[in-house]
Amino acid sequence: MAIAGFDKHQFGTRLNEVLFASQPIQSVEHLFGRQQELDRIEKALFASGRHIFIYGDRGVGKSSLAATAANQYQSADSEYIDIGCSPDATLKSIVANIAYRAIHASRLRKTKHNASMGIELRFLKAAVVSETTQANLHEEIVSLADAVDVLREAASLHSERPIAVLDEFDRISDVNERAAFADLIKQMGDKKVPLKLIFTGVGKSLDELLGAHQSAIRQLEGIELPKLSWDARWDIVLAAAGAFGISVDKEIYIRIAAVCDGYPYYAHFITEKMLWSAFDDSDLVSEIKWEHYHTGLRDAIESISAELKRPYQEAVNKRSGEYEEVLWATADSEYLERFMKQMYSSYEYIMKQRRSSLTLNYDKFCARIRKLRDTSYGAILINDPSNPGLYAYREKMLRGYVRMQAEAHGIELAGEKIDQTVRQTMRVPSSASRGYYTSKPPPGIHWERERRNGNDQEDT
Ligand SMILES: Nc1ncnc2c1ncn2[C@@H]1O[C@H](COP(=O)(O)OP(=O)(O)OP(=O)(O)O)[C@@H](O)[C@H]1O
Ligand SMILES: [Mg+2]
């Protein structure tokens, strides 16, 4: 037993209570770095008729923020209504789904009174007293006005203060169906329907998700969710280790924060594997060691979801090892969009860390980068449509996985942009002396290093 007071079962059970690599956060004590957003949502929900739309990149934590905010708002007499949107979903099918869930969670059912508690029901009356299906409800909704009435009845059946999360709204493939939600929430406001909605969706803007005309409506509070801040990233690590009375050296939790690229999933996953590695240690552990971190990182890479791994493997598999180094070069730097010259500079830096001579000259390197846009190479990169010389990750979250791979091979990549106060406190040397890295680290601090063509911002 390497962690005082825990056998394997107790350890695994407790770990599952403090780390959530595979599910959205539900409550505020586990949601780090989102206090401002939570506060904005809370305030907006006081306003009658106002609803919330959380949008941003895949994996930044949209569902977690939505679930936590919904749990805070929803009155204690019921659970909030949780709806996942599918590609074939329509406004009617979603309204029918909300009504169906509301009836099942209904106060009337719970109290086993069939007396209506003063609620006047037109659409849902039959459904409350007898079994009904979602399809039955769907048939009853003919017009938008019907949908609004159904929601009003569903709200009063459901609870004192009802709220529904419409998660992954971007998956609804029909643009007209998506746009129709703007009209729905306008009318919900006019008719004073006491149901709140929180939408989440992958996208850069509300225009993209609802259409330019509909996104401007006043009833919608748009919350653009950025990647997780540095301190929130290391809070994930520290809170989890703290639950076992284990301390983590600052250099280690900052490495995790840098490698995860702002995606909380990676931070949870690396920490989970790192703590298991500490548990498996034959000595009693009260502080995380570098070997726990490195084993944890490697284990995390191995068991990361196949969907994230696949493009990397497609780019690297059956090809010379050089492709891996080219790929790492794309994930270096604090800037998410980069020019060829800058990526080549990263490549030079990586080869120096590997103590290898440059195997690819500039032209060959460029040819390989361009290939990384092809599906046969994982379709990893895309060109910025407004500036074709700039390259970005097609799936931004993949950048984090590439950074983890580089780190596991002893290559420290530059972190992405961090604010000045954090920068001042973070003078982290490379960790070569700890017997893991095979090559000598560069002098100085890796995210402040100067490189030829390395200053992405000035180099245009
Ligand atoms: N603020 C946070 N603090 C700690 N962990 C978080 C936070 N936000 C999200 N997570 C964790 O990160 C992972 C991804 O979060 P979530 O599923 O909410 O993201 P998402 O943006 O909805 O992703 P997707 O685009 O795939 O739907 C989950 O494991 C979740 O537990
Ligand atoms: Mg989600």
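Treat the numbers as computed from the prediction; the structure is a model and nothing was measured.

S.K.: Teacher, can you tell me more about helix H2 (residues 35–46) here?
M.R.: The α-helix winds at 3.6 residues per turn, so residues separated by three or four positions along the chain end up facing the same way. Taking 1.5 Å as the rise per residue, H2 with 12 residues should run 16 Å; its terminal C-alpha atoms sit 17 Å apart, in good agreement. For H2, the complete set of buried residues consists of Glu37, Leu38, Ile41, Ala44 and Leu45. Down the axis of H2, the buried side of the element spans an arc of 130°, and every buried residue falls inside it. Opposite the buried face of H2, by more than 90 degrees, sit the exposed residues Gln35, Gln36, Lys43 and Phe46. Buried positions along H2 lie against strand S1 (51–56), helix H3 (62–73), strand S3 (163–167), strand S4 (196–202) and strand S5 (220–225).

S.K.: Looking at this model, I keep getting lost on the pairing of S3. Mind explaining?
M.R.: Side-chain positions along a regular strand alternate between the two faces of the sheet. Taken across its five residues, S3 has five buried, putting it largely inside the fold. Neither face of S3 is open: one carries Ile163, Val165 and Asp167, the other Ala164 and Leu166, and all of them are buried. Where strand S2 (residues 81–84) and S3 come together, four bridges link them in parallel fashion. Paired with Ile83 across the strands is Leu166, a residue of S3. Across four bridges, S3 lies against S4 in parallel orientation. What sits directly across from Leu166, in S4, is Phe199.

S.K.: Would you mind showing me how to read the sheet that holds strand S7 (residues 381–384) here?
M.R.: Backbone hydrogen bonds hold the strands of a sheet together, and the pairing may be parallel or antiparallel. Spatially, the three strands line up as an open sheet ordered S6-S8-S7, and their pairing is antiparallel. Across the chains shown, the open sheet's two edge strands, defined by having one partner strand only, are strand S6 (338–339) and S7. Where S7 and strand S8 (residues 387–393) come together, four bridges link them in antiparallel fashion. Residue Ile382 lies in a different strand from S8, and its bridge partner there is Ala392.

Quick notes on the rules
- Residues numbered from 1 in each chain as written.
- Chains lettered and ligands numbered in written order.
- Predicted model: local features only at pLDDT ≥ 70, side-chain atom pairs only at ≥ 80, totals over all residues.
- Heavy atoms only, no water.
- Helix = DSSP H or I, 4+ residues; strand = E, 2+ residues; numbered from the N terminus.
- Expected span 1.5 Å × (residues − 1).
- Buried < 20%, exposed > 50% of the residue type's maximum accessible area, 1.4 Å probe, protein only.
- Arc of directions from axis to C-beta.
- Contact = heavy atoms within 4.5 Å.
- Pairing = 2+ DSSP bridges.

Nothing here speaks to function; it is all geometry.
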